[in-house]
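Okay, here's what each chain looks like letter by letter:
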Amino acid sequence: MCHKPQLGAFLLMMALSLGLTTLPAHAQSGQTASKTADKSAKKKDKPAAVNKGQTAKAKDNPKQKAAAKNKAPANSSVQRAKAPAANKSAKNAPSAVKQVRMQSNANSAQQARPVRASFGQMAGLHATSDALDLHSSVALVVDQDTHEVLYRKNDHAVLPIASLTKLMTGLVIAESNLSMDEPIRITQDDVDTEKGSSSRLAVGTVLSRGDLMHLSLMSSENRAANALGRTFPGGMDNFVDRMNARAKQLGMKDTRYVEPTGLSSRNQSSAGDLAVLVAVAYKEPMLRELSTSHGREVEVGRRTLQYNNTNRLVKNPAWDIGLQKTGYISEAGRCLVMQTQVSGRKLIMVFLDSAGKLSRLGDAERVRQWLESKPPLHSGQSLPRTYLPG
């Protein structure tokens, strides 16, 4: 019994002695330790390298990627903690990279989508050169009093006329002697199914016929124009027949209408026919007033809607415009007709199939400046009285 404490002390001293001698031994044999560590690292790194290769390939093969994850050792507690969170996030939220890629593809597709050419472009009319270098492929300027042609460019070409159609719509309504105070409700039948264009006149909106005329001629409101034709005595078919009959009566041989808005590319005419229409429409005081109005507020339910003129020239003090109408669909390009005074002369201007958003207005400015700065270099031809009814 007395020897046990001594034996314990002896063993403790031996253990301490072994611990002290072990540290210097390892310090002196660093090369051996390194070799041992390298061998150990190689054994550990070899499977990791294989797994890394498998993981790289698994980017293209989801099954290999899943297998690589199952085989790969968890070398870090941080990796083990992050992996489940990443998997959960991938399941519950769309990939940001995927969203960016999808958006990029959508933008590329939009940029690659070809712009639809107008009828005039397809017919090569824009290749026609002219003295004023107009951007409109068709142009006609006529003295309203003398019927003299001052400027012309492809004026016999028959093209879609877009919302210039609404000028005939307004003429038929104005000549019908219908009440301008009669309330008219916008219905589903007035919604554009031709081009899918939008409108601020919601289905169920009730406005007077006079307000619909105003919005149609000033702001080119399609639902307003359609409602005017739909509610005409005899219905839409009778209204379109009246439009075509009036055109024939005026000698507009190149003109055809299939609906009252101009959204259809089958509504077609020539510059010469449109000059006739402008001259006749100018005789109607209501059409002059409404088409050149700067703006109009209309009460729609609890809201007040502000509408403005689609032709900014009506607000330009350099212009004296008595009647006007703009138009645009892709098949027709940008269009404009006006009755105006330049250098004391009453003129009718027609511009069809202009390529740029503001180029039709720029063409009108070119013609005005040319007429103001130089004696008219016209062809010397005078139009027959049937061309511009007196």
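These remarks concern the structure in this document. (Residues numbered from 1 in each chain as written. Predicted model: local features only at pLDDT ≥ 70, side-chain atom pairs only at ≥ 80, totals over all residues. Heavy atoms only, no water.)

## What to know about the sheet that holds strand β9 (residues 321-329)
An order of β2-β1-β11-β10-β9 is seen for the 5 strands of this open sheet, with the pairing classed as antiparallel. A single partner strand is all that each edge strand has here, and the edge strands are β2 (149-153) and β9. When the angles between neighbouring strand axes are averaged without regard to direction, this sheet yields 10 degrees. Examined bridge by bridge, strand β1 (residues 136-143) and strand β11 (residues 345-354) share 7 bridges and lie antiparallel to one another. For D143, the partnering residue across the bridge sits in β11 and is L347. (Pairing = 2+ DSSP bridges. Helix = DSSP H or I, 4+ residues; strand = E, 2+ residues; numbered from the N terminus. Axes fitted to C-alpha atoms, helices over the stretch in contact; angles between N-to-C directions.)

## Examining the packing of helix α9 (residues 222-230) against helix α10 (residues 235-249)
One way to put it is that α9 packs onto α10 with a least axis distance of 7 Å and a crossing angle of 100 degrees. By the angle class used here, α9 and α10 are roughly perpendicular. The residues of α10 that touch α9, namely those facing N226, G229 and R230, are G235, M236 and F239. Residue composition of the contact of α9 with α10, grouped by class: 2 nonpolar, 3 polar and 1 charged. (Parallel < 35°, antiparallel > 145°, perpendicular 65-115°, else oblique. Contact = heavy atoms within 4.5 Å. Nonpolar A, V, L, I, M, F, W, Y, C, P; charged D, E, K, R; others polar.)

## Remarks on the environment of R312
Relative to the helices and strands, R312 is located in the loop between β8 (303-308) and β9. For R312, a relative accessible area of 56% puts it in the exposed group. (Buried < 20%, exposed > 50% of the residue type's maximum accessible area, 1.4 Å probe, protein only.)

## Considerations on the pattern of salt bridges
Taken as a whole, this structure holds 13 salt bridges when the rule is applied. R209 serves as the salt-bridge partner of E182, at 2.9 Å between the closest nitrogen and oxygen. Here E182 is found in the loop between α7 (165-174) and β4 (183-185), whereas its partner R209 is found in helix α8 (residues 209-219), with 27 residues between them in sequence. Its relative accessible area of 36% is what places E182 among the partly exposed residues. Taking the shortest distance from any N to any O, the salt bridge between D211 and R296 comes out at 2.5 Å. Pair noted here: D211 is in helix α8 and R296 is in strand β7 (residues 295-300), with a separation of 85 residues, a long-range link. One salt-bridge network, in which partners are shared between bridges, spans R116, K195 and E331. (Salt bridge = Lys/Arg side-chain N within 4 Å of Asp/Glu carboxyl O.)

## Some thoughts on helix α13 (residues 359-373)
With 15 residues, α13 should reach 21 Å at 1.5 Å per residue; the first-to-last C-alpha distance of 21 Å fits that figure. Tucked inside the fold, the buried residues of α13 contact β1, β2, β9, β10 (333-342) and β11. (Expected span 1.5 Å × (residues − 1).)

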